[in-house]
Amino acid sequence: MDRPLVSVIIAARNAERFLQQALDSVMSQSYTHHETIVVDGHSTDGTADIARSFPGVRHLLQKGTGFAVAWNEGLDASRGDLIAFLDSDDLWTSDKLALQVERLGQDPRADCVLGHLRFFLDNVDAVPPSFRLGLLDSAHPGWMPGTLLARRSVFETVGRFGEEWEIASDVDWFARLKDSDTPVAMLPEVLLHKRVHGGNLSYNAARTPIVGREILRAVRHSVTREHARGASSR
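Draft legend 1. The arrangement of the overall build of the protein chain in detail. Of the regular secondary structure elements, the protein chain holds 8 helices and 9 strands. Among the 234 residues that make up the protein chain, the fraction classed as buried is 50%. A separation threshold of at least 6 residues defines the contact pool for the protein chain, and within that pool the share at least 24 residues apart is 77%. With an accessible surface of roughly 11200 Å², the protein chain has 52% of that area assigned to carbon and sulfur atoms.

Draft legend 2. A look at the pairing of strand 9 (residues 184–196). Relative to strand 9, strand 5 (residues 91–92) runs antiparallel, the two sharing 2 bridges. Paired with W92 across the strands is L192, a residue of strand 9. Sheet analysis places strand 6 (residues 112–121) next to strand 9, joined by 9 bridges and oriented parallel. Within strand 9, the residue paired with L121 across the bridge is V196.

Draft legend 3. Quick look at the packing of aromatic side chains. The full count for this structure, using the stated rule, is 10 aromatic pairs. Judged by centre distance (5.9 Å) and plane angle (45 degrees), the rings of F67 and W71 are tilted. On the criterion of helical spacing, the pair formed by F67 and W71 is a turn pair, its members being 4 residues apart in helix 3 (residues 67–77). Taking the relative accessible area as the measure of exposure, F67 reaches 36% and is therefore partly exposed.

Draft legend 4. Quick peek at the environment of I50. Relative to the elements of secondary structure, I50 occurs in helix 2 (residues 47–52). Sequence separation between I50 and Q20 is 30 residues, and the spatial gap between their C-alpha atoms is 6.4 Å. In this view, I50 contacts E16, L19, Q20 and L23; residues no more than four positions away in its chain are not counted.

Draft legend 5. Highlighting the environment of D111. Structurally, D111 can be placed in the loop between helix 4 (96–106) and strand 6. Distance from D111 to T182, taken between C-alpha atoms, is 6.7 Å for residues 71 residues apart in sequence. Among residues more than four places away in sequence, those in contact with D111 are L104, L149, A150, R151, V154, T182 and P183.

Conventions used here
Residues numbered from 1 in each chain as written. Predicted model: local features only at pLDDT ≥ 70, side-chain atom pairs only at ≥ 80, totals over all residues. Heavy atoms only, no water. Helix = DSSP H or I, 4+ residues; strand = E, 2+ residues; numbered from the N terminus. Buried < 20%, exposed > 50% of the residue type's maximum accessible area, 1.4 Å probe, protein only. Contact = heavy atoms within 4.5 Å. Areas by Shrake-Rupley, 256 points an atom, 1.4 Å probe, with all protein chains shown as cover. Pairing = 2+ DSSP bridges. Phe/Tyr/Trp six-rings, centres within 6.5 Å; stacked < 30°, edge-to-face > 60°.

See the structure below:
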């Protein structure tokens, strides 16, 4: 693979506190052939100014609402052969894209590359109640958008992010990825540092009933797909 363009999609809403650090981690990538798209969910703080302060970063005002919509609008605007995502409060290691592009070049059968992540506390006094502190002790396989590098064709095979989900669109998408038998490589290296803080949407939402209902629904959808595949193969 000869230096393909990587499109980096960042969904951001009122993200001025952390966005500059996230973008710095993209700009410091050792693999430099990438574009960055910040899809702004109508922020009322300095998010837009921060995004526009980085040369070459495209700042798009989101047309719809929600993270799934933002990711999909970023996909529509992207030009790269490879697609990556980063949450506006997280950080990549400087070799994240280089390691993943290299792996795809070495293994043309793989359509996605994931890596490991480590959690870190932004403020020890503002740990979300739903977060288990034991997770800080080791690296974890990252089945989430922030560790993903995927060929554009994957979003034709697996589909886009489901916009009907309130919080679990990424859970549903990765379940569909696994069910599609898309070849996925998992790198042993830590590629993502995931920030834990009091304002983190996913950890705060974990305390609400909607998360349990949506995860259960995603699992049921996966089981239904598995049964359908089994029936068609008989």
